[in-house]
Every structure is written in structure tokens, then in C-alpha cells.
Amino acid sequence: MAVLREIVPALGRGMIMTLEITAMALIVALAAAFAAGLLRLSPWRPVRAVVTAYVEIVRGTSLLVQLFWLYFALPMLLDVHMPAMTAAVLALGLNYGAYGSEVVRSSMIAVPQGQREAATALNMTPWLRLRRIILPQALPLMLPSFGNLQIELLKGTSLVYFITLTDLTYQGMLLRTYDSSQTAAIFVCLLVMYFLLSALLTLLLRAFGRRIAWRRS
């Protein structure tokens, strides 16, 4: 118990940082996913080509390399400097947003074509069709995959300690340098805390899904 009293407060401070990064990166990821997913359905080929290049490049490269690129390489190559938090949020958000764009695109395509044709026959504008017809049917299809991606994003935050952010993993590694004899206890606590955070995000998403289902009923 004495060991836990020493470990848990420090890990708790790191957990707050992890939650902050996760929340901000989720916002960026959702924005990127919906923007890229919708633009990949654009009738203009150059637009589709640019967005597809973004998706394929981001999905085809390592998240850790993307973090290093934003935080270490850009200042040297383009003299673009950004705080570690900004680099972490952008890297995580754009990375998982690229994966989420395919979820958005496939869910939009899954809406029956007859629904689109009926909306067009009613002389709805493209924005009105999207807001009133397509998205309400596509959003429930997205939620399970988005749930998996948000858990992956949470676990991906463990990489940000490489760019000096004092997240949950950073605090664990710092504690380990002070007292390597407590390594097992530290990593058990890390496992439990990441599991609890993942469970919390899962419960929130399920509650959101139930709310959407209730509003549609």
C-alpha cells in the first residue's frame, strides 16, 4: 500500500495530461475524418486525389515518425516551430482522422441510393440532404468503428512521451528511473489506468449511441 501511495499520485498527474491530449486529438480526428470522408466522395477528381494522397500517406507511415516529423523535422526544414502539445494533438488527430475518413466514406455509401434519389426529387439542397437524410442514417453505422478508433487513439498517446510531454507513460517511466525495484508495480498500475480510461470512453460512446437510437425512434 505504501508503494501505491507513492506511485498513484504521480501517475494521476500523467493521466490528466493523457485525457487532455486524447480529448483535443479526438476533436481534430473527427474533424479530419468527416472532412476527408466527405471530400473523398467529391465529384471533382483533383479534390479526391489530394484527399486520397493525405489518407494513404498518413495511414502508410508510422505515428511515431509523424510525431518526430512535426516536432523535430519541421523546425529544421521549414523553420516551423510548435509546442509539444500542439504537435502531439495534430499528429494523433490527423493520423486517426485518416483512418476515420474511410469509416465516414463507407457509412455514407451504405445509405440506400433510393434515399438520395427521394431527397433529390423533393428538391433538397446537397447540404440539406446530407444533414436531414444521409447523416442521420450513416452516423449509427459509424459509431462501432469510431469506438475502436478512439480506443486506439487513447493508446497512441503513450508515444507522446518521446517528445517530452508528461503523460501517463512518461510519469511511469520517470518513476521507474527513480526506483527500478518498483517496475512491476508501476507497469501494473499503468495497465489498470489505461484499461479504466478505455472503459470510460467505451461507456461514453455507448451512451451516445443509445441517445441517437432514442432520438431516431
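- Going by what an unreviewed UniProt entry lists, the protein chain is known as Ectoine/hydroxyectoine ABC transporter permease subunit EhuC and is assigned to Paenibacillus athensensis.
- Listed in UniProt under the heading Subcellular location (unreviewed entry), the comment for the protein chain reads: "Cell membrane".
- Within the UniProt record for the protein chain, the comment given under Sequence similarities (unreviewed entry) is "Belongs to the binding-protein-dependent transport system permease family."

Looking at the overall build of the protein chain
No. 1: When you go through the protein chain residue by residue, the secondary structure sums to eight helices and zero strands.
No. 2: Its helices and strands in sequence order give the protein chain the pattern α-α-α-α-α-α-α-α, from N to C terminus.
No. 3: Here the protein chain, with 217 residues, has 38% of them falling under the buried criterion.
No. 4: Restricting the contact set of the protein chain to residue pairs at least 6 apart, pairs at least 24 apart contribute 76%.
No. 5: Of the accessible surface of the protein chain, which amounts to about 12500 Å², a share of 69% is contributed by carbon and sulfur atoms.
No. 6: The protein chain carries 18 positive and 9 negative side-chain charges, and their two centres are separated by 15 Å.

Description of helix H2 (residues 45-59)
No. 1: The end-to-end C-alpha distance of H2 is 21 Å, a good match for the 21 Å that 15 residues give at a rise of 1.5 Å each.
No. 2: For H2, the complete set of buried residues consists of Val51, Val55 and Val58. Take H2 and look down its axis: the buried residues cluster within an arc of 75°, on one side only. In H2, the exposed residues that point more than 90 degrees away from the buried face are Arg45, Pro46, Val50 and Ile57.

A closer look at the UniProt feature "domain: ABC transmembrane type-1" (unreviewed entry) in the protein chain
No. 1: UniProt records the feature "domain: ABC transmembrane type-1" (unreviewed entry) for residues 15-205 in the present numbering.
No. 2: Secondary structure across residues 15-205 divides into 82% helix and 0% strand, with the first and last C-alpha atoms of the span separated by 20 Å.

Here we look at the packing of aromatic side chains
Each pair of aromatic rings is reported with the distance of its centres and the angle of its planes.
No. 1: Counted by the stated rule, this structure contains six aromatic pairs.
No. 2: Ring plane angle 45° and centroid distance 6.1 Å describe the contact between Phe34 and Phe146, whose orientation is recorded as tilted. Remark: Phe146 occurs in helix H6 (residues 126-156) and Phe34 occurs in helix H1 (residues 2-39); sequence separation between them is 112 residues.
No. 3: Classification of Phe34 as partly exposed rests on a relative accessible area of 23%.
No. 4: Note on Phe146: relative accessible area 12%, which makes it buried.
No. 5: Taken together through their ring pairs, the aromatic side chains of Phe68, Tyr71, Phe72, Tyr161 and Phe162 make up a single cluster.

Conventions adopted
Residues numbered from 1 in each chain as written. Predicted model: local features only at pLDDT ≥ 70, side-chain atom pairs only at ≥ 80, totals over all residues. Heavy atoms only, no water. UniProt positions renumbered as here; feature names shortened; annotations may be inferred. Helix = DSSP H or I, 4+ residues; strand = E, 2+ residues; numbered from the N terminus. Buried < 20%, exposed > 50% of the residue type's maximum accessible area, 1.4 Å probe, protein only. Contact = heavy atoms within 4.5 Å. Areas by Shrake-Rupley, 256 points an atom, 1.4 Å probe, with all protein chains shown as cover. Lys, Arg positive; Asp, Glu negative; His and termini not counted. Charge placed at Lys NZ, Arg CZ, Asp CG, Glu CD. Expected span 1.5 Å × (residues − 1). Arc of directions from axis to C-beta. Phe/Tyr/Trp six-rings, centres within 6.5 Å; stacked < 30°, edge-to-face > 60°.

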